[in-house]
2 protein chains.
Amino acid sequence: VTDLPDVDAPASVLVLGAGLLGTSVALALRRLGSDVVLHDTDRSRLDTASALGAGRQWAADERVELAVVAVPPLVTAATVRSLIERDLATTVTDVASAKARPQREVATSSSVAARYVGGHPVAGRERGGPTSARADLFEGRPWVLTPTDESSDLALGRAAWVAQACGAHAIVMTAADHDAALARLSHLPQLVASALAAQLVGLPSAWLELGGQGLRDVVRIARSAPELWAEIAVANATEVASALHAVAADLTAAAAALAAAGGVAATANADEAAAAAVAGLVAAGNAGYERLPTKHSAEHLRFAEVPVVVSDAPGELARLLTAAAEAAVNVEDLRVEHAPGQPMGVVELLVRPETAPTLVEALTAKGWRVHS
Amino acid sequence: VTDLPDVDAPASVLVLGAGLLGTSVALALRRLGSDVVLHDTDRSRLDTASALGAGRQWAADERVELAVVAVPPLVTAATVRSLIERDLATTVTDVASAKARPQREVATSSSVAARYVGGHPVAGRERGGPTSARADLFEGRPWVLTPTDESSDLALGRAAWVAQACGAHAIVMTAADHDAALARLSHLPQLVASALAAQLVGLPSAWLELGGQGLRDVVRIARSAPELWAEIAVANATEVASALHAVAADLTAAAAALAAAGGVAATANADEAAAAAVAGLVAAGNAGYERLPTKHSAEHLRFAEVPVVVSDAPGELARLLTAAAEAAVNVEDLRVEHAPGQPMGVVELLVRPETAPTLVEALTAKGWRVHS
């Protein structure tokens, strides 16, 4: 953050695209008192966002100091270029989830490229319309900026100003690194979860009762919108293809080893080779999991899990957490494990390991069924 | 459940294998007052389980009415056969996570096959040793039984008796159906999550800060034990291989479509074909997700999500849930979304849709920052 140019707040900002992201940016800037003008080709979205206080409507020839382009990924580059070529904005940034493709398409002349710095607020939601917008959508989130050697300090400083005005923390990366990272951390997990969930389509209903919490966790994001993810994946097509190929190759290798094992005619050697292949894959997954930053990332804490049986009655969870709070134990996270169709479940409380014995003792004393 | 033979409780039960599953079964049966004898080739595990009250130690020539085999999957069949051939148990069941392979290996003579019915308590944990055992480990869980045409009513009735004595609900399936179902609902999700997490191994640390809650959900089970999953996958090798191939094929098809799109030389047709491939995969994932039974499976409820901003202070979660309980709204589930390194996060409360407005109003009135 220290190497970002410090610039004055722009006197006027145009937000182009009054969807969830654009309207949220506009609301955050308005909160700071900025003069924000809005535009959207969809008249009703524009009216809604404007009525929500996201800014006044843009007169199409009105010049601004900064434009924030928040239109679908595949039309982002053309919109950025048009604003600069028509000199409607001094500098331009955007919020699209892929960065290399718009950057390449914008860089047709160095005078255009100087005035654009790509941006991507990594906020976990991409669509939802202006009524879902919130001024604090980006608070505490990373906001990637992808300047090039041609980018002016003014363009970079203003893009960073937007990120900071929205409460996000700006991170500078190359567009190529950003796209490679997002392919593996966001686009790949989505498509893998979708492919896994897709396998459930043809199964007999009775079988599905055998799915547990692990399955539910893996497929939770499989509810995402197909058209949205089609746009995101195509905008980052090369990196997503490469990431998909890598996972598919690992799964295919495990499948081949297993297909040679287990059958009536399989040898002990084939069983051993398959076991080694699977153990290697799961061990690599262990190592990958360990790389994820924890909540308190500097400390790389591991939490202790305290499973407690709770009934399905109203207020049970509140009673449980109140008991934990009364024992002065901070619950860092929790997971509810469902037993489908059953009136009770298990709640796993995640706490700092040194506080687990206190928690177990306090809960047990109050009659909770705790497994430690 | 109604078509299971009703039998008397066996006068004596041998539990072979004093790990997590075996000791938990033994504790559940002891709780009912059954005469349980225990054995394990690991002397210290046996002593521990016995000291925990899981039963007295087996004299190796002592005959029992029922044996429950809880040894690793790949030695299950040989153990079952040996007990029957040496006539140490009238009937035998087991708890291994794959059923076709032990069944095939047991069925060497019909007199042996008649006395064995395979079982699999689907409890989400497979290992952990006797000190993690709990009499209620299987409560409310499915417990699959896989009788064959050769199985005696006595063998089936006693296997069902064990499941019911452990508080599980018995489900009768063929071994082939069980293995096909578990491959897709348990073994495949594990290996897919592992393969995804394995992709994180080589990434620069700074990139990992861009991973969100979706990634965390998908890779949560990637922490599982490699050797355990190697055994489970090899014991069900053919079905797991088939399930892995199907997912890998879907991912490879999406990768191929994306590899042809997005580049400098890509045509609009290639972009459209890739978008259609991705949208198709994500839509199939939507359809698969919808097939999962909900907590109240008969009703197939969908919950409304109420996201609330909470600080990282002790007792905040308790205060929030107490406020929900005071508004007489039952929180069906919740998710904590972490902002790594940040002092606050968002908690998503899942409630019945008709109660969401009441909850939002009550929480807002008490000063909570709610996004609806």
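Note that this is a predicted model, so its numbers are computed, not measured. (Residues numbered from 1 in each chain as written. Chains lettered and ligands numbered in written order. Predicted model: local features only at pLDDT ≥ 70, side-chain atom pairs only at ≥ 80, totals over all residues. Heavy atoms only, no water.)

### Focus on the packing of aromatic side chains
Residues and elements named next belong to chain A. Within this structure, the stated rule accounts for 2 aromatic pairs over all chains. Consider the rings of phenylalanine 138 and tryptophan 143, whose centres lie 5.2 Å apart with planes at 65°: the pair is edge-to-face. Of the residues examined, phenylalanine 138 reaches a relative accessible area of 0% and is grouped as buried. (Phe/Tyr/Trp six-rings, centres within 6.5 Å; stacked < 30°, edge-to-face > 60°. Buried < 20%, exposed > 50% of the residue type's maximum accessible area, 1.4 Å probe, protein only.)

### Some details on the relation of the copies chain A and chain B
Superposing chain A onto chain B requires a rotation of 180° together with a translation of 0.0 Å along the rotation axis, leaving an RMSD of 0.1 Å. Within this description, the copies of the chain are treated as partners about a two-fold rotation axis. Using C-alpha coordinates, one finds that chain A approaches the rotation axis most closely at valine 218 of chain A, a distance of 2.0 Å. A symmetric contact is evident, with 100% of the interface residues of chain A recurring at the interface of chain B. (Least-squares fit on C-alpha atoms with pLDDT ≥ 70 in both. Contact = heavy atoms within 4.5 Å.)

### Some thoughts on unusual backbone geometry
All names here are of chain A. At aspartate 87, a position not held by glycine, the phi torsion is positive, near 55°. Looking at the secondary structure, you find aspartate 87 in the loop between helix 3 (73-85) and strand 5 (89-94). Overall, the relative accessible area of 35% leaves aspartate 87 in the partly exposed class. The residue alanine 328 is not glycine, and still its phi comes out positive at about 60°. Positionally, alanine 328 belongs in the loop between helix 13 (316-326) and strand 10 (333-337). The exposure class of alanine 328 is exposed, given its relative accessible area of 66%. (Helix = DSSP H or I, 4+ residues; strand = E, 2+ residues; numbered from the N terminus.)

### Regarding the sheet that holds strand 8 (residues 169-172) of chain A
Within a sheet, neighbouring strands are paired by backbone hydrogen bonds and run either parallel or antiparallel to one another. All names here are of chain A. With mixed pairing, the 8 strands of this open sheet are ordered in space as 3-2-1-4-5-6-7-8. Every interior strand has two partners, whereas the edge strands, strand 3 (56-57) and strand 8, have only one. Sheet analysis places strand 5 next to strand 6 (residues 116-121), joined by 2 bridges and oriented parallel. Pairing of threonine 93 across the sheet is with valine 117, part of strand 6. (Pairing = 2+ DSSP bridges.)

### Re the interface of chain A and chain B
In this assembly, 132 residues from chain A lie in contact with 132 residues from chain B. Taken as a group, Leu185, Leu210 and Arg291 of chain A account for 7% of the area that chain A buries against chain B, more than any other trio of residues on that side. Here chain A is connected to chain B by 10 salt bridges. The closest approach of N and O atoms between arginine 369 of chain B and aspartate 136 of chain A, which form a salt bridge, is 2.7 Å. Our count for the contact surface shared by chain A and chain B stands at 24 residue pairs in polar contact (both at pLDDT 80 or more). Among the residues forming the side of chain A that touches chain B, the class breakdown is 77 nonpolar, 29 polar and 26 charged. (Buried area = accessible area lost by both parts, 1.4 Å probe. Salt bridge = Lys/Arg side-chain N within 4 Å of Asp/Glu carboxyl O. Polar contact = N/O pair within 3.5 Å; in protein donor to acceptor, adjacent residues only side chain to side chain. Nonpolar A, V, L, I, M, F, W, Y, C, P; charged D, E, K, R; others polar.)

### Let's talk about the confidence of the model for chain A
Residues and elements named next belong to chain A. On average, residues of chain A score 90 in pLDDT, and 94% of them reach the 70 mark or higher. Below a pLDDT of 50 lies the segment residues 296-300, which in the model reaches 9 contacts outside its immediate sequence neighbourhood of four places, other chains included. Predicted complex metrics record ipTM = 0.82 and pTM = 0.83. (pLDDT = per-residue confidence, 0-100.)

### Here we look at the packing of helix 12 (residues 268-290) of chain A against helix 10 (residues 226-235) of chain B
To describe two helices that pack against each other, one gives the angle between their axes and the distance between the axes. The geometry of helix 12 of chain A relative to helix 10 of chain B is characterised by a closest axis approach of 8 Å and an angle of 135° between their N-to-C directions. Classified by the interaxial angle, the pair formed by helix 12 of chain A and helix 10 of chain B is oblique. As for the relative orientation of helix 12 of chain A and helix 10 of chain B, their crossing is right-handed in sense. Here helix 12 of chain A contributes Asp271, Ala274, Ala275, Val278, Ala279, Val282, Ala283 and Asn286 of chain A to the contact with helix 10 of chain B, which in turn contributes Pro226, Trp229, Ala230, Ala233 and Val234 of chain B. A breakdown of the residues in the contact of helix 12 of chain A with helix 10 of chain B according to their chemical character gives 11 nonpolar, 1 polar and 1 charged. (Axes fitted to C-alpha atoms, helices over the stretch in contact; angles between N-to-C directions. Parallel < 35°, antiparallel > 145°, perpendicular 65-115°, else oblique. Left-handed = near helix turned anticlockwise from the far one by under 90°.)

### Quick look at helix 7 (residues 175-198) of chain B
In the structure, helix 7 of chain B departs most strongly from a straight axis at alanine 183 of chain B, where the bend amounts to approximately 45°. In terms of burial, helix 7 of chain B is largely enclosed, as 21 of its 24 residues are buried. (Bend = angle between axes of the 7 residues up to and from the residue.)

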